[in-house]
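Here are the chains, one letter per residue:
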Number of protein chains: 2
Amino acid sequence: MTNDTAVGIPPEQACPIAPVVDIVFSRWTTPILWVLNEYGRHRFVELERRITTITPKVLTDRLRQLERDGLVVRTYHPEVPPRVEYEITELGRSLSPVFEALAKWSVNIGEVEQARLDYDTRKPVGGQASRGRPR
Amino acid sequence: MTNDTAVGIPPEQACPIAPVVDIVFSRWTTPILWVLNEYGRHRFVELERRITTITPKVLTDRLRQLERDGLVVRTYHPEVPPRVEYEITELGRSLSPVFEALAKWSVNIGEVEQARLDYDTRKPVGGQASRGRPR
DNA sequence: CAGTATCCAGACGGATACTG
DNA sequence: CAGTATCCGTCTGGATACTG
């Protein structure tokens, strides 16, 4: 049934999980958290090698953000060549069910790809179909 | 244990859920899917009113993208004042467990906020702590 | 109502080079 | 090693106005 009382909805957008998404799924945070969660502690350079396409600057930015949000801990070892290790926190680890749900859903990616093919193949001509440009 | 065999990881980033994140959590898609999933069919203007801060252009963009990905269906009713309805698809609905996991985790937002306060309060002086600028 | 058409700003991320 | 310092291009998303 169509909803017609779309008034009086709380502030912002009527979506309680939006803030969570901002915290967990900003750019690059997913691979970082995933790696730290799956494979344990890593030093900076190890993360760089895991996530091959990230630049040091961006990696630093994201790690700081995750540290600030309490999802990752940074440990500095004042040794001869400095050593720094990053580890996921308990709070970060509590995201596991989220990642699991995502991993399970990933079996559907094929369907998404098929849907895209269909959409792009459907002649933009004929009918009142919406013409979307591929993003 | 620290991982030291960070070599030979597949292509891209060693994170199988990254593609899913791109599909589901690009900007504004979360509120749109959430609303459609929770409250059923909506017409364009109803979505605009639900998600109060989105502009028509962006709403259109995101709806096209979701339609192309097969997560949403658009139905055009050629009536006197045109009527268009958006509905979530089966595929879209299959994301429910993901949203549920996210909703459950949202109880932790308070912890994140506390962590941010701590981080920002900790004097940037003293020790080898990383000085992060709030984003 | 359900969009489209423009235009624009500024945030984000990439490349490159340098340092404690 | 583990970053930081700069510079810069791009691309998204916002504001605004208009239309079938």
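Cut-offs used in this document
- Residues numbered from 1 in each chain as written.
- Chains lettered and ligands numbered in written order.
- Predicted model: local features only at pLDDT ≥ 70, side-chain atom pairs only at ≥ 80, totals over all residues.
- Heavy atoms only, no water.
- UniProt positions renumbered as here; feature names shortened; annotations may be inferred.
- Helix = DSSP H or I, 4+ residues; strand = E, 2+ residues; numbered from the N terminus.
- Buried < 20%, exposed > 50% of the residue type's maximum accessible area, 1.4 Å probe, protein only.
- Expected span 1.5 Å × (residues − 1).
- Contact = heavy atoms within 4.5 Å.
- Near = heavy atom within 4 Å.
- Polar contact = N/O pair within 3.5 Å; in protein donor to acceptor, adjacent residues only side chain to side chain.
- Nonpolar A, V, L, I, M, F, W, Y, C, P; charged D, E, K, R; others polar.
- Axes fitted to C-alpha atoms, helices over the stretch in contact; angles between N-to-C directions.
- Parallel < 35°, antiparallel > 145°, perpendicular 65-115°, else oblique.
- Pairing = 2+ DSSP bridges.
- Salt bridge = Lys/Arg side-chain N within 4 Å of Asp/Glu carboxyl O.

An unreviewed UniProt entry lists chain A under the name Winged helix-turn-helix transcriptional regulator, from Nonomuraea guangzhouensis.

Can you walk me through the UniProt feature "domain: HTH hxlR-type" (unreviewed entry) in chain A in this structure?
According to UniProt, the "domain: HTH hxlR-type" (unreviewed entry) feature falls on residues 15–114 of chain A. Between the C-alpha atoms that bound residues 15–114 of chain A the distance is 28 Å, and the span itself is 58% helix and 14% strand.

Teacher, can you tell me more about unusual backbone geometry here?
Across residues other than glycine, the phi torsion is negative in most instances, and most of the peptide bonds are trans. Residues and elements named next belong to chain A. Look at Trp-28: it is not a glycine, yet its phi comes out positive at around 80°. By the secondary structure assignment, Trp-28 is in the loop between helix H1 (18–24) and helix H2 (29–39). Take Trp-28: its relative accessible area is 14%, and that puts it in the buried class.

Looking at this structure, how should I read helix H4 (residues 56–68) of chain A?
Every α-helix carries 3.6 residues per turn, so stepping three or four residues along brings you back to the same face. Between its terminal C-alpha atoms H4 of chain A stretches 18 Å, which fits the 18 Å expected from 13 residues at 1.5 Å a residue. Residues of H4 of chain A that are buried in the fold lie against H1, H2, helix H3 (44–50), strand S2 (72–77) and strand S3 (83–88) of chain A together with helix H7 (109–121) of chain B.

Looking at this structure, I do not really get the protein's contact with DNA strand C. What am I missing?
In the vicinity of DNA strand C there are 19 residues, among which Arg-27, Lys-57 and Arg-62 of chain A together with Arg-43 and Tyr-86 of chain B approach most closely. Among all atoms of DNA strand C positioned within 4 Å of the protein, those belonging to sugar or phosphate total 70%. Between a base oxygen of DNA strand C and a side-chain N or O atom of Lys-57 of chain A, the distance comes to 2.6 Å. At 2.7 Å, a side-chain N or O of Arg-62 of chain A approaches a phosphate oxygen of DNA strand C. For the surface near DNA strand C, the secondary structure elements donating two or more residues are H4 of chain A together with helix H3 (44–50), helix H4 (56–68) and strand S3 (83–88) of chain B. Looking at the surface near DNA strand C residue by residue, the classes come out as 8 nonpolar, 2 polar and 9 charged.

What should I look at first to understand the packing of helix H6 (residues 96–105) of chain A against helix H6 (residues 96–105) of chain B in this one?
When two helices pack together, you describe them by how their axes are tilted relative to each other and by the distance separating the axes. Orientation of H6 of chain A relative to H6 of chain B, taken along the N-to-C sense of each, is 170°, at an axis distance of 9 Å. As far as their axial angle goes, H6 of chain B and H6 of chain A are roughly antiparallel. Contact with H6 of chain A, carried on its side by Pro-97, Val-98, Ala-101, Leu-102 and Trp-105 of chain A, involves Pro-97, Val-98, Ala-101, Leu-102 and Trp-105 of chain B of H6 of chain B and no other residues of that element. The residue inventory of the contact of H6 of chain A with H6 of chain B, partitioned by class, reads 10 nonpolar, no polar and no charged.

What is the right way to read the pairing of S3 of chain B from this model?
Where a strand is regular, its side chains alternate between the two sheet faces. All names here are of chain B. Sheet topology places strand S1 (residues 42–43) next to S3; 2 bridges connect them, and they run antiparallel. Looking at S3, one finds that His-42 is bridged to Tyr-86. What sits between strand S2 (residues 72–77) and S3 in their antiparallel hairpin is a turn of 5 residues.

Explain the pattern of salt bridges to me, please; I cannot follow it from the model alone.
When the charged atoms of two side chains lie near each other, side chains of opposite charge can form a pair. Within the structure shown, the criterion is met by 10 salt bridges over all chains. A salt bridge links Arg-116 of chain A to Asp-69 of chain B; the nearest nitrogen and oxygen atoms lie 2.6 Å apart. Note that Arg-116 of chain A is positioned in helix H7 (residues 109–121) and Asp-69 of chain B in the loop between H4 and S2, a pairing that runs across two chains. Taking the shortest distance from any N to any O, the salt bridge between Glu-79 of chain B and Arg-83 of chain B comes out at 2.6 Å. What you see here is one network of salt bridges that share partners, running through Arg-41, Glu-79, Arg-83 and Glu-85 of chain A.

Can you help me understand the protein's contact with DNA strand D in this one?
In the vicinity of DNA strand D lie 18 residues, with Thr-60 and Tyr-86 of chain A together with Arg-27, Lys-57 and Arg-62 of chain B positioned nearest. In DNA strand D, atoms within 4 Å of the protein come 70% from sugar and phosphate. In this structure, a sugar or linking oxygen belonging to DNA strand D sits 2.9 Å away from a side-chain N or O atom of Arg-43 of chain A. Side-chain polar atom of Arg-27 of chain B to a phosphate oxygen of DNA strand D: 3.4 Å apart, as the coordinates give it. For the surface near DNA strand D, the elements supplying multiple residues, two or more each, are H3, H4 and S3 of chain A together with H4 of chain B. Looking at the surface near DNA strand D residue by residue, the class counts come to 8 nonpolar, 2 polar and 8 charged.

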